[in-house]
Amino acid sequence: RAIDVKPGFDIRLMLNDGSLLVSHAAPPTGQLELYWQPLFKKIIENQPTGTYEGAGFQPFTQEITSYRKVPGFPLVVTVSMNKDEVFAHWLATAKTSVALVLAMLLAIAAATVWLLRLTSQRETLLRDVTTEKLRAEKASEDARLADEAKSVFLATMSHEIRTPMNGIIGFS
């Protein structure tokens, strides 16, 4: 049965000593021993399963390799993938998420600025209305005082005019 392996993946069947038996994508000649030597000597001998991260077969690459010893046989199965490809989807998703978060923060900032402007306009209008209300109350008080002064003036003038008039009328 065939195994469909995505580009960037490599499936290997190896002996416990690191000798390659079968590989989906064979490494460049001469690099296998250098690549697998630290893996097999330090890790696989002590742990039957696990994950190893190290230099890849291609220059300047990192690989993530999962391995498992086959119980009862001197075999190890490994699945490797280029680290950049492992994290490519996650990185793309993270970039999208960061972009969405930044867009949301920008929208929140814009809404905050808008609300602050509305609050400032409201306070200005409220201050203007309060000022006009005070002016109207002062004008009303001034009108009441003017009406009272007029009434006092007319009462005084009426008395001042009637008294001499009564005298003149009384002499006639």
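1. As for the overall build of the protein
And then number 1: Of the regular secondary structure elements, the protein holds two helices and five strands.
And then number 2: The order of α-helices and β-strands along the protein, N terminus first, is β-β-α-β-β-β-α.
And then number 3: Split into buried and exposed, the 172 residues of the protein put 17% on the buried side.
And then number 4: Contacts spanning at least 24 positions in sequence make up 38% of the contacts within the protein whose residues lie at least 6 apart.
And then number 5: As displayed, the protein offers around 13,400 Å² of accessible surface, 65% of which is attributable to carbon and sulfur atoms.

2. Remarks on a nonpolar patch on the surface
And then number 1: On the surface, F153, L154, M157, I161, M165, I168 and I169 cluster together into a nonpolar patch covering about 700 Å² of accessible area.
And then number 2: Along the chain, the position of F153 falls in helix 2 (residues 83-171).

3. Considering the pattern of salt bridges
For side chains bearing opposite charge, pairing can occur when the charged atoms are close.
And then number 1: Here the structure, examined in full by the defined rule, presents five salt bridges.
And then number 2: For R135, the salt bridge identified is with E132, shortest N-O distance 2.9 Å. With R135 and E132 both in helix 2 and three residues apart, this pair spans about one turn of that helix.
And then number 3: Overall, E132 belongs to the partly exposed group, its relative accessible area being 44%.
And then number 4: With its nearest N and O atoms 3.2 Å apart, the salt bridge here joins R144 to E148. Pair noted here: R144 and E148 are both in helix 2, with a separation of four residues, about one helical turn.
And then number 5: Classification of R144 by relative accessible area gives partly exposed; the value is 42%.
And then number 6: By sharing partners, the salt bridges in this structure join E141, R144 and E148 into a single network.

4. Overview of the pairing of strand 2 (residues 20-23)
And then number 1: Sheet analysis places strand 1 (residues 9-15) next to strand 2, joined by three bridges and oriented antiparallel. Residue pairing across strands places R12 opposite S23, the latter belonging to strand 2.
And then number 2: What sits between the antiparallel neighbours strand 1 and strand 2 is a turn of four residues, in which G18 has the positive phi angle 100 degrees.

5. Structural notes on the side chain of R12
And then number 1: Within the secondary structure layout, R12 lies in strand 1.
And then number 2: Look at R12 and you get buried, because its relative accessible area is 1%.
And then number 3: Polar contacts involving the side chain of R12 include one to the side chain of S80, which spans 3.0 Å.

6. Let's talk about helix 2
And then number 1: End to end, helix 2 covers 129 Å across 89 residues, agreeing with the expected 132 Å (1.5 Å per residue, within 8%).
And then number 2: Taking the largest bend as the criterion, helix 2 deviates by roughly 35 degrees, centred on H89.

7. Description of the confidence of the model for the protein
For any part of a model where pLDDT is low, the fine detail of the predicted coordinates should not be relied upon.
And then number 1: Confidence in the prediction for the protein averages 81 pLDDT; 81% of positions are at 70 or higher.
And then number 2: Taken element by element, the predicted model of the protein shows its lowest mean pLDDT in helix 1 (residues 31-44) (59) and its highest in helix 2 (90).

The rules behind the values
Residues numbered from 1 in each chain as written. Predicted model: local features only at pLDDT ≥ 70, side-chain atom pairs only at ≥ 80, totals over all residues. Heavy atoms only, no water. Helix = DSSP H or I, 4+ residues; strand = E, 2+ residues; numbered from the N terminus. Buried < 20%, exposed > 50% of the residue type's maximum accessible area, 1.4 Å probe, protein only. Contact = heavy atoms within 4.5 Å. Areas by Shrake-Rupley, 256 points an atom, 1.4 Å probe, with all protein chains shown as cover. Patch = residues over 30% accessible without salt bridge, like charges linked within 9 Å, V, L, I, M, F, W, Y side chains within 5 Å. Salt bridge = Lys/Arg side-chain N within 4 Å of Asp/Glu carboxyl O. Pairing = 2+ DSSP bridges. Polar contact = N/O pair within 3.5 Å; in protein donor to acceptor, adjacent residues only side chain to side chain. Expected span 1.5 Å × (residues − 1). Bend = angle between axes of the 7 residues up to and from the residue. pLDDT = per-residue confidence, 0-100.

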